[in-house]
Every structure is written in C-alpha cells, then in structure tokens.
Amino acid sequence: MDCVGLKSQYDEIAGEIKAALDRVLTSGWFILGQELASFEEEFAEYIGTQYAIGLNSGSDALLLAVKALGIGPGDEVLTVAHTYISSVDSIVRNGATPVFVDIDPETFCIDPAQIEDKITEKTKAILPVHLYGQPADMTPIMNIAKRHNLFVIEDACQAHGAKYKGEKVGGIGDIACFSFYPVKNLGAYGDGGMVVTNDDELAEKVKMLRNYGQPEKHRHVFVGVNSRLDEMQSAILSIKLKYLDPWNQSRHQVADWYNEYLNGSGLVTPVEKDYAEHVYHLYVVRCKNRDTVQQKLTKCGIHTQIHYPVPVHKQPAYQNLGFDLSLPATEQACREILSLPIHPCLTHDDVRAVADAIVTT
Ligand SMILES: *Cc1c(COP(=O)(O)O)cnc(C)c1O
C-alpha cells in the first residue's frame with residue numbers, strides 16, 4: 001500500500017509539471033519573478049485575503065508573521081503544546097515567551113475556554129493551530145482577542161482549504177501562515193511557505209523581511225532574512241492549487257470510509273465539528289492501547305505515525321518553559337493518538353485493509 005501518495009499524485013500531473021519546469025528553466029529567472037507573483041495572487045484569491053507573500057517554509061512564515069507584528073522580548077504569546085514544534089519556535093526565535101493553553105480533547109485544537117486565564121499584561125497575541133486540518137474554534141478566539149486587544153496569528157500549515165463557518169481559515173485572524181512541505185495538502189517538491197493577510201502594513205513588512213529587509217535594492221531598513229518561494233516551486237504550486245479542492249474532497253471521502261469501517265472498533269474516530277469543514281491533512285484516532293495497535297499495523301506493512309508523541313513543553317529545547325507544567329488534555333492525547341494513512345490517492349480497498357488489520361485479532 002502507498003501510505004504517502006506523492007508518487008501516485010505525481011503520475012496524475014506529470015505532464016503539466018514538466019512543462020512548467022521547462023518554462024521556468026528556459027526563462028533563466030529563478031527568484032522573485034512572475035511565477036511567484038502569479039501564485040501569490042492565485043493563493044490570496046483562493047483563501048480570500050488581499051495579500052499572500054511566498055516564503056521558504058511554513059516555519060519562516062510563522063517566524064516573520066510574529067516579527068512583522070512587532071512581537072519580541074518581554075511579550076507573551078498564547079498557543080498550544082500539542083502542535084508541530086515550529087508553531088512555538090516562531091515565538092521563541094523572536095525573543096518572546098510562549099504561554100501554553102491546553103487543547104479541547106475533541107478537536108485537538110486550543111480550548112477557547114482556557115485562554116482568558118492565561119492572559120497577562122504582557123500578552124500580545126493568540127496563535128491557534130488548525131491541527132490535522134480541523135479549524136480551531138475561531139469565534140470565541142476572535143472575541144477574546146478583541147476584548148483584550150490581542151493579535152491573532154493563525155497557524156494554517158495543516159489546513160489549506162479548511163473552512164470555519166463557511167470561511168476559509170487563514171482569512172480570519174490578523175495574519176496566517178501556510179506550509180508547502182511536500183506532504184501537506186498543498187505541497188511543493190521541496191520547501192515552501194506563505195503568509196496571508198488583509199493588512200497593508202503587515203504585508204509590506206513581510207515582503208521586506210523575506211528579502212534582507214530591503215524596500216528597494218541596496219537600502220535595508222531593518223534586519224531581514226533570505227526567505228523566498230522560488231520560481232520553480234511557485235510554478236509547481238500554481239498547478240497543484242487547481243487540484244486542491246478535489247484532493248481535499250478525496251481526503252474527506254477516505255475519512256468517511258474510515259469512520260464507517262472503524263465504527264464499533266473501540267477506537268475514537270475524529271470529530272468534525274458543526275462549524276468545521278475539515279480537510280483531513282491527517283486522520284488521527286485515539287486508542288487506549290495505541291502502541292499495540294501501531295505494532296499490529298506495522299506487521300501488516302501499514303505505516304502509521306504519531307503526531308506528536310512528545311508535547312512541546314516536554315521537549316528538551318523547552319525545558320525552561322514547563323517540564324513541570326500540567327496540560328492534562330495535551331498529555332493524554334500524546335499517549336493515545338495514532339495517524340492512519342491518508343492521502344487523496346488512497347483507495348477504498350486500502351482503507352478497508354487498514355480497518356480490517358485494526359479490527360481483526
Ligand atoms: C508543517 C508545519 C509547520 C512548519 O512548516 P515547514 O514548512 O515544515 O517549516 C508549522 N506548523 C504546523 C502545524 C505544521 O504542520
């Protein structure tokens with residue numbers, strides 16, 4: 001069974017990709033050109049924001065989003081410990097302090113009911129993560145942010161095309177970040193990322209930051225970085241963006257099949273809230289005997305993963321922040337979660353085989 005799906009996906013679009021790469025290669029222009037400009041325009045239109053700025057990675061998108069908001073030493077940002085590490089790195093790399101809020105055990109996203117307890121006079125922003133492709137509960141988050149005058153930075157790195165109450169995630173907060181890491185719902189053939197926003201000033205700032213802090217050649221108004229989505233990746237992503245909605249629908253179909261076949265298996269299948277259009281970047285179940293289930297699947301040649309086995313506050317790099325911190329829902333999730341294979345090319349028979357391997361014995 002193809003548990004990742006990138007090869008089958010390439011087979012579908014190989015002709016288009018080769019033509020696009022040939023176009024870029026023969027153009028002789030590789031950085032900050034027309035391919036990037038077009039893709040930025042298309043992606044902004046897809047999400048429904050005014051601006052999209054292409055960067056090297058989702059990690060850089062988060063780093064520069066936090067920086068563009070002027071968040072730094074002495075500031076606190078509320079986020080989750082149940083996420084990929086770079087959601088939190090972006091805060092620390094700007095000299096600010098992450099403050100962890102526990103998750104809602106049903107959605108695996110930040111629990112809005114626990115946010116206000118953690119707000120202090122140093123709090124500058126909330127950074128919710130739309131984990132696994134399910135939107136965080138944005139209405140209460142936006143209301144709390146308004147009440148306390150905080151920025152909202154959406155980590156949408158796993159949620160290209162997901163909707164909250166009919167609105168695409170990424171266009172709800174002040175600024176949002178996407179990753180085009182190859183296995184993401186919209187993936188490049190290498191690294192890539194994007195910041196989206198409706199704010200003119202933030203967009204300008206991120207544009208300068210990604211290009212050595214320069215508004216024009218040889219004038220550097222602040223210290224920036226080199227973080228640009230190159231022309232080849234932009235051309236590739238432009239093609240793949242056209243397929244994102246159908247690919248997300250296929251992921252949803254796979255999830256529906258799993259839900260059906262795992263019904264009664266004793267595993268807790270993912271919850272899709274009424275407010276959510278989940279895009280199933282990952283299909284994550286809970287099981288009390290997770291390690292046994294995983295070993296059984298491995299023996300059948302089915303590759304599963306754990307996203308993520310160790311919460312951020314228990315990582316050696318962050319021990320100063322909270323080895324003694326208690327986040328019960330986060331810690332329980334880490335013990336019970338298992339990501340089953342999911343991608344747009346997974347077949348009905350594949351899903352059946354995974355479910356059979358779980359249910360039998
Ligand atoms: C993938 C991911 C990132 C980082 O993106 P990269 O492009 O790999 O740097 C950040 N946050 C979340 C939630 C992610 O899934």
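Here, every reference points to the structure presented above.
Residues numbered from 1 in each chain as written. Predicted model: local features only at pLDDT ≥ 70, side-chain atom pairs only at ≥ 80, totals over all residues. Heavy atoms only, no water.

Caption draft 1: Main features of a nonpolar patch on the surface. Together, Leu25, Phe30, Ile31 and Leu32 give the surface a local cluster of nonpolar side chains, amounting to about 320 Å² of exposed area. Within the secondary structure, Ile31 is located in the loop between α1 (6-27) and α2 (34-47). (Patch = residues over 30% accessible without salt bridge, like charges linked within 9 Å, V, L, I, M, F, W, Y side chains within 5 Å. Areas by Shrake-Rupley, 256 points an atom, 1.4 Å probe, with all protein chains shown as cover. Salt bridge = Lys/Arg side-chain N within 4 Å of Asp/Glu carboxyl O. Helix = DSSP H or I, 4+ residues; strand = E, 2+ residues; numbered from the N terminus.)

Caption draft 2: The arrangement of the pattern of salt bridges in detail. If you walk through the whole model with that rule in mind, you get 11 salt bridges. For Glu40, the salt bridge is made with Arg210, and the minimal N-O distance between the two is 2.9 Å. Placement of Glu40 in helix α2 and of Arg210 in the loop between α6 (200-209) and α7 (231-241) is noted, with a sequence separation of 170 residues between them. An identical accessibility class is assigned to Glu40 and Arg210; each is buried. Two residues, Glu106 and Lys273, come together in a salt bridge whose shortest N-O distance is 2.8 Å. Of the two residues, Glu106 is situated in the loop between β3 (97-100) and β4 (123-126) and Lys273 in the loop between α8 (244-262) and β10 (276-277); the sequence distance between them amounts to 167 residues. Counted as one network, the salt bridges with shared partners bring together Arg286, Lys288 and Glu336. (Buried < 20%, exposed > 50% of the residue type's maximum accessible area, 1.4 Å probe, protein only.)

Caption draft 3: Highlighting the sheet that holds strand β7 (residues 167-168). With respect to topology, three strands assemble into an open sheet ordered β7-β6-β10, the strand pairing being antiparallel. One side of each edge strand has no neighbouring strand; the edge strands of this open sheet are β7 and β10. Bridging between strand β6 (residues 163-164) and β7 involves two bridges; their strand directions are antiparallel. Residue pairing in the sheet places Lys163 in a bridge with Lys168 of β7. (Pairing = 2+ DSSP bridges.)

Caption draft 4: Representation of the nonpolar core in the model. If you look at the biggest cluster of nonpolar residues, it comprises 102 residues, and the most contacted ones within it are Phe43, Ile153 and Leu340. At seven residues, helix α3 (residues 58-68) tops the list of elements feeding residues into this core. Those residues in contact with Ile153 that lie beyond four places of it in its chain are Ala65, Val66, Leu69, Ile71, Ala125, Ile126, Leu127, Pro128, Ile175 and Cys177. (Core = buried A, V, L, I, M, F, W, Y, C linked by side-chain atoms within 4.5 Å. Contact = heavy atoms within 4.5 Å.)

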